[in-house]
Amino acid sequence: MTAAATTPAKRAAALPPEERRAAIVEAVLPLLAEHGERVTTRQIAAAAGIAEGTIFRVFADKDELLTAALDAALDQEPLERALAEIDRSAPFEERLVVATEILQRRVADVWAVVSALGPTVHDEVARRPITDSAALTAIFESEHDRLRVEPAAAARMLRALTLSLTHPMLVGAPVPAAEIVTTVLHGIGASPGEGRRS
């Protein structure tokens, strides 16, 4: 008998219910990308380092857990925090490129969860309005004199273009963040003498 077979599994530390729910949701998100809605509670428990029964102490059933996972994937607060942490001393376009990279990661992460949960979830996501990003708007506000539109409108344009040029159902491979930013700030017209890129 191996040492691993004789050593009892270490029990997860006791957590308040809300913290336990959050830890389980965090564990299930990468599993959804791999297994979709067919992910089992046994797999979830193993990933979270808990007994399978612990899941049902904080979630009524698997459907409630998957709904919580979707809510977590769509929660804008982590996005806002990441955007707010961008170095304010960096040049404007550099900040926008970093912001766009963050937005592109979010598109990929949300799509992984939504596509894993199946077509009924697509309708649910479509019904949820996309709210403005205060942190992204703040980046544009810092350079408002360089804009011909309001900062909030500029932020919406960047998000919309990033979504359309990153979403796997719309493009084969994501367009680089720097190119998206250049298009938003300068359009697609070539400068005099620049000509079309091949």
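That block above? That's the structure.
Each chain carries its own residue numbering, running from 1 in the direction its sequence is written. Selection of residues for local features in this predicted model requires a pLDDT of at least 70, selection of side-chain atom pairs for listing and counting requires 80 or more, and totals for whole chains, interfaces and linings are taken over all residues. To obtain the side-chain values, all non-hydrogen atoms of the structure were included, while hydrogens and water were left out.

Trainee: If you had to explain the overall build of the protein to someone new, which residues and values would you point to?
Mentor: Of regular secondary structure, the protein possesses eleven helices and zero strands. Secondary structure elements follow DSSP: runs of H or I of four or more residues count as helices, runs of E of two or more count as strands, with numbering from the N terminus. Shown N-terminal to C-terminal, the secondary structure of the protein runs as helices and strands in the order α-α-α-α-α-α-α-α-α-α-α. Note on classification: 1.4 Å probe, protein chains only; a residue is buried when its accessible area is under 20% of the maximum for its type, exposed when over 50%, partly exposed between these limits. When each of the 198 residues of the protein is scored for burial, the buried share is 35%. Sequence-distant contacts, at least 24 apart, represent 63% of the contacts inside the protein between residues at least 6 apart. Only heavy atoms enter the contact rule, under which two residues are in contact if any of them lie within 4.5 Å.

Trainee: So what about helix 2 (residues 17–35)? Which residues, and what values?
Mentor: Every helix has an expected span of 1.5 Å times one less than the residues it contains. Spanning 19 residues, helix 2 covers 26 Å between terminal C-alpha atoms, matching the ideal 27 Å at 1.5 Å per step. Those residues of helix 2 that fall on the buried side of the exposure criterion are R20, I24, V25, A27, V28, L31 and L32. Residues of helix 2 that are buried in the fold lie against helix 3 (41–48), helix 4 (52–58), helix 5 (62–74) and helix 7 (92–117). Directly after helix 2, the chain includes G36, whose backbone phi takes a positive value near 70 degrees.

Trainee: I'd like a rundown of the environment of A27, residues and numbers included.
Mentor: Mapped onto the fold, A27 is located in helix 2. Taking the C-alpha atoms as reference points, A27 and A69, separated by 42 residues in sequence, lie 9.4 Å from one another. With residues near it in sequence (within four places) discarded, A27 still touches A47 and A48.

Trainee: Any chance you could break down the side chain of T166 for me, citing the residues and the numbers?
Mentor: Examined against the element boundaries, T166 turns out to sit in the loop between helix 10 (151–164) and helix 11 (177–186). Under the relative-accessibility criterion, T166 is labelled buried at 7%. A 3.5 Å cut-off defines polar contacts: any pair of N or O atoms within that distance qualifies, except that in protein one atom must be a possible hydrogen donor and the other a possible acceptor, and neighbouring residues in sequence count only when both atoms are side-chain atoms. Of the polar contacts made by the side chain of T166, one reaches the side chain of Q104; its length is 3.1 Å. Polar side-chain contacts of T166 include one of 2.6 Å to the backbone oxygen of T162.

Trainee: Give a description of the nonpolar core that names residues and reports values.
Mentor: Definition of nonpolar core: a set of buried residues of the types Ala, Val, Leu, Ile, Met, Phe, Trp, Tyr and Cys, connected through side-chain atoms within 4.5 Å. Core analysis: the biggest nonpolar cluster contains 25 residues, and I24, L32, I44, I55, F59 and L65 have the highest contact counts within it. Breaking this core down by element, the ones donating at least two residues are helix 2, helix 3, helix 4, helix 5 and helix 7. For this core, the element with the most residues is helix 5, which contributes seven residues. Counting 21 residues, the second-largest nonpolar core is a separate cluster that includes L83, F92, F140 and V175.

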